[in-house]
Amino acid sequence: MPIKENCNLEELLSKIKECQGKVTFETPEGDLLAMKSALCQYIFLSLKNQPELLFGGIIKCELPADYKLLSAFLQ
């Protein structure tokens, strides 16, 4: 699911830590970031300067319950 353009990315990362399953971010170019990895979180936050990549990508959750947890941040 795409990220809402007005969401707080730091709060999103905090909620991702609460997820039980694997959470990934896929860029429009097909690159995958494992969102529980500190390095990938750093890369993800750096995308603030490239909104076409940030808001053109999607968050994928392994477990349906994790989508509920992140629903306030996703479209």
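Residues numbered from 1 in each chain as written. Predicted model: local features only at pLDDT ≥ 70, side-chain atom pairs only at ≥ 80, totals over all residues. Heavy atoms only, no water.

### Structural notes on the packing of aromatic side chains
Applying the stated criterion to the full structure yields one aromatic pair. Ring plane angle 75° and centroid distance 5.1 Å describe the contact between Phe25 and Phe44, whose orientation is recorded as edge-to-face. In this pair, Phe25 sits in strand S1 (residues 23-26) while Phe44 sits in helix H2 (residues 38-46), placing the two residues 19 residues apart along the sequence. What makes Phe44 buried here is its relative accessible area of 0%. (Phe/Tyr/Trp six-rings, centres within 6.5 Å; stacked < 30°, edge-to-face > 60°. Helix = DSSP H or I, 4+ residues; strand = E, 2+ residues; numbered from the N terminus. Buried < 20%, exposed > 50% of the residue type's maximum accessible area, 1.4 Å probe, protein only.)

### So, the nonpolar core
Membership of the largest hydrophobic core comes to 21 residues, with the highest contact counts inside it found for Ile3, Phe44 and Leu70. Elements with a minimum of two residues in this core: helix H1 (9-18), S1, H2, helix H3 (51-54) and strand S3 (58-61). Counting residues per element, this core draws most heavily on H1, at four residues. (Core = buried A, V, L, I, M, F, W, Y, C linked by side-chain atoms within 4.5 Å.)

### Considering the side chain of Gln41
Within the element layout of this structure, Gln41 appears in helix H2. Under the relative-accessibility criterion, Gln41 is labelled buried at 12%. The contacts of Gln41, once residues within four sequence positions are left out, are Leu13, Lys17, Met35 and Lys36. (Contact = heavy atoms within 4.5 Å.)

### So, the sheet that holds S1
Strand order in the open sheet formed by three strands is S2-S1-S3, and the pairing between neighbours is antiparallel. Looking at which strands have only one partner, the edges of the open sheet turn out to be strand S2 (32-34) and S3. Taking the axes of each pair of neighbouring strands and ignoring which way they run, one obtains an average angle of 25° across the sheet. Sheet topology places S1 next to S3; four bridges connect them, and they run antiparallel. By the bridge assignment for S3, Glu26 is matched with Ile58. (Pairing = 2+ DSSP bridges. Axes fitted to C-alpha atoms, helices over the stretch in contact; angles between N-to-C directions.)

### Quick notes on the pairing of S1
Of the strand pairs in this sheet, S1 and S2 are connected by three bridges, and their pairing is antiparallel. Bridge pairing in S2 places Thr24 opposite Ala34. Here S1 folds back onto S2, and the loop between the two strands holds five residues, one of which, Gly30, carries a positive phi near 95°.

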